Amino acid sequence: MATSVEDVIAKAEMVEIEPKTGVALKPQLLKEEKVNGAEPKPVNGGKADENGKNECVPEEKAEVGKEAVNGGIPKVEEKEEVAVEIEPKTGVSFPVKMEDGKQLNSVGLRKKTMLGLGIKIYAFGIYADQEKLKDLMKSKIGKAPAKPTKDMYQVVIDSDLRMMVRLVIVYSGLTMSMVRKNFDEGLGASIKKLTGGKKNEELSNKVMGAASDDIKLTTGSVIEITRFPEYNLETKVMGEVVSKVESELLCRAYIHMYLGDDAFDKDAREKFGVSLLSLF
């Protein structure tokens with residue numbers, strides 16, 4: 001059927017052209033919005049400009065704007081809470097797992113007799129890589145004994161398995177010179193025990209010898225001493241590395257202070273032994 005001039009004119013009046021783009025706007029949309037006295041609605045969450053053109057807004061910004069309108073606060077990822085174990089004699093807490101994966105095997109207390117009084121010096125936690133500790137026990141001990149044995153402790157002392165002893169100061173009057181003297185005495189005694197009575201003061205002094213007296217220790221100050229593979233002993237005082245010493249004897253002597261026959265805390269040594277039994 002032929003189209004008359006009147007039909008063409010009628011249809012053209014139903015279509016409005018966007019002047020900048022030349023795109024025809026939908027007649028139904030225009031009709032509804034203009035009837036209600038509103039401007040053309042934006043599409044896809046966009047923003048219409050003064051000419052009715054759609055202006056896109058990124059989803060992320062739209063979400064932030066939505067939260068602001070609702071009075072909300074953007075969500076922040078919370079760190080996973082790590083369980084702790086409390087050293088009962090001091091109340092000091094130790095995380096059961098460190099960020100590098102080492103796990104807590106035992107906690108204890110280092111006491112020192114001064115003027116006839118037992119002074120609490122520091123609480124400590126002993127950490128180790130549980131899988132490697134398990135492999136060590138199975139390869140050196142074999143079957144699980146009924147209770148912790150001297151051989152089990154000795155295997156750990158003699159190995160170069162990565163271990164850390166975390167010390168938390170509880171005695172408020174402690175100074176670096178006092179810590180240095182305490183370590184020199186403790187390590188000196190362990191070295192003599194392992195060498196059949198021979199002294200090696202030069203070696204024992206290397207752990208804390210470089211620690212400055214300017215380091216101020218307070219209750220809660222942390223010292224971490226780590227034995228690394230290939231018998232390297234690293235000492236950190238309040239996060240600052242004060243010494244790195246490569247010595248098999250020194251590494252063995254240090255762990256011996258906590259797991260040897262004359263351990264600083266016999267209960268802590270026993271608990272460490274029980275943790276070893278659970279690995280079989």
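Bear in mind that the values here come from a model prediction, so they are computed numbers and not experimental data.

### Observations concerning the pairing of strand β11 (residues 232-237)
Then, in step 1: Pairing of strand β10 (residues 222-228) with β11 involves six bridges; the strand directions are antiparallel. Its bridge partner lying in β11, Ile 223 is registered against Val 237.
Then, in step 2: Connecting β10 to the next strand, β11, in antiparallel fashion are three residues, including Glu 230 with a positive phi near 70 degrees.
Then, in step 3: Taken together, the six bridges between β11 and strand β12 (residues 240-246) define a ladder with antiparallel strand orientation. Looking at the pairing, Glu 234 lines up with Lys 244 of β12.
Then, in step 4: Joining the antiparallel neighbours β11 and β12 is a turn of two residues, in which Met 238 adopts a positive phi near 55 degrees.

### With respect to the sheet that holds strand β9 (residues 163-169)
In a beta sheet, neighbouring strands are held together by backbone hydrogen bonds and run either parallel or antiparallel to one another.
Then, in step 1: Pairing is antiparallel across the open sheet formed by six strands, whose spatial order is β7-β8-β9-β10-β11-β12. In the strand order of this sheet, the two ends are held by β7 (103-114) and β12, each with one partner. Strand after strand, the sheet turns through a mean of 20 degrees between neighbouring axes, direction not considered.

### A word on the packing of helix α5 (residues 150-158) against helix α8 (residues 248-259)
Then, in step 1: The geometry of α5 relative to α8 is characterised by a closest axis approach of 8 Å and an angle of 150 degrees between their N-to-C directions. One element, α5, and the other, α8, form an angle in the roughly antiparallel class. Our pair here, α5 against α8, has a crossing hand that is right-handed. Residue-level inspection shows Tyr 153, Gln 154, Val 156, Ile 157 and Asp 158 of α5 in contact with α8, the latter providing Arg 252, Ile 255, His 256 and Leu 259.
Then, in step 2: Its residues assigned to classes, the contact of α5 with α8 shows five nonpolar, two polar and two charged.

### Section: the nonpolar core
Soluble globular proteins: nonpolar side chains tend toward being buried together.
Then, in step 1: Counting residues in hydrophobic clusters, the biggest one holds 51 residues, and the most contacted among them are Met 208 and Tyr 254.
Then, in step 2: Considering every element that reaches this core, the biggest residue donor is α8, with eight residues.
Then, in step 3: Contact partners of Met 208, with chain neighbours within four places excluded, come to Met 176, Val 179, Arg 180, Phe 183, Ile 223, Ile 225, Thr 235 and Val 237.
Then, in step 4: In this structure, Val 92, Phe 94, Ala 123 and Val 168 belong to the second largest nonpolar core, which totals nine residues.

### Quick word on unusual backbone geometry
Then, in step 1: Although it is not a glycine, Glu 230 adopts a positive phi angle of roughly 70 degrees.
Then, in step 2: For Glu 230, a relative accessible area of 60% puts it in the exposed group.
Then, in step 3: Its identity is not glycine, yet Met 238 carries a phi of approximately 55 degrees, on the positive side.
Then, in step 4: The topology assignment puts Met 238 in the loop between β11 and β12.
Then, in step 5: We classify Met 238 as partly exposed; its relative accessible area is 46%.

### A short note on the side chain of His 256
Then, in step 1: Among the structural elements, His 256 can be located in helix α8.
Then, in step 2: Accessibility expressed as a relative area gives 8% for His 256, which makes it buried.
Then, in step 3: Excluding its chain neighbours within four sequence positions, the residues that come into contact with His 256 are Ile 157, Ser 190, Lys 193, Leu 194 and Asp 261.

### Focus on helix α4 (residues 130-140)
Then, in step 1: Within the span of α4, buried status applies to Gln 130, Leu 133, Leu 136 and Met 137. Buried residues in α4, looked at end-on, bunch into an arc of 120 degrees, giving them a common side. Exposed side chains of α4 directed beyond 90 degrees from the buried face belong to Glu 131, Lys 132 and Ser 139.
Then, in step 2: Structurally, α4 contributes buried residues whose contacts are with β7, β8 (117-128), α5 and α9 (266-277).
Then, in step 3: For α4, the N-terminal capping position is held by Asp 129, with its side-chain oxygen 3.1 Å away from the main-chain nitrogen of Glu 131.
Then, in step 4: The positive-phi residue at the C-terminal boundary of α4 is Gly 142, with phi of around 90 degrees.

What counts, and at which threshold
Residue positions are counted from 1 within each chain, in the order its sequence is given. Given that this is a predicted model, residues contribute local features only at a pLDDT of at least 70 and side-chain atom pairs are listed and counted only at 80 or more, while totals for whole chains, interfaces and linings are drawn from all residues. Based on all heavy atoms of the structure, the side-chain values leave hydrogens and waters out of the count. At least two DSSP bridges between two strands are required for those strands to pair. Working definition: helices are DSSP H or I runs of at least four residues, strands are E runs of at least two. Numbering for both runs from the N terminus. Interaxial angles span 0 to 180 degrees and are taken between N-to-C directions of axes, which are lines fitted to C-alpha atoms, for helices over the stretch in contact. Small angles under 35 degrees read as roughly parallel and large ones over 145 as roughly antiparallel, with 65 to 115 read as roughly perpendicular and the rest as oblique. Helix crossings are classified by the rotation of the near helix relative to the far one: an anticlockwise turn of less than a right angle makes the crossing left-handed, while a clockwise turn makes it right-handed. Contact between two residues is taken to exist if any of their heavy atoms lie within 4.5 Å; hydrogens are not considered. Three categories are distinguished: nonpolar for Ala, Val, Leu, Ile, Met, Phe, Trp, Tyr, Cys and Pro, charged for Asp, Glu, Lys and Arg, and polar for the others, with Gly belonging to the last. By nonpolar core is meant a set of buried Ala, Val, Leu, Ile, Met, Phe, Trp, Tyr and Cys residues that side-chain atoms within 4.5 Å join together. Burial classes: relative accessible area under 20% of the type maximum marks a residue as buried, over 50% as exposed, and values in between as partly exposed (1.4 Å probe, protein chains only). The arc under discussion is defined with respect to the helix axis, by the directions toward the C-beta atoms. Whenever a nitrogen or oxygen atom comes within 3.5 Å of another N or O atom, the pair is scored as a polar contact, on the condition that within protein one atom can donate a hydrogen and the other can accept it, and that pairs from neighbouring residues in sequence are kept only if both atoms are in side chains.

Such coordinate-based values are descriptive only and should not be taken to indicate function.
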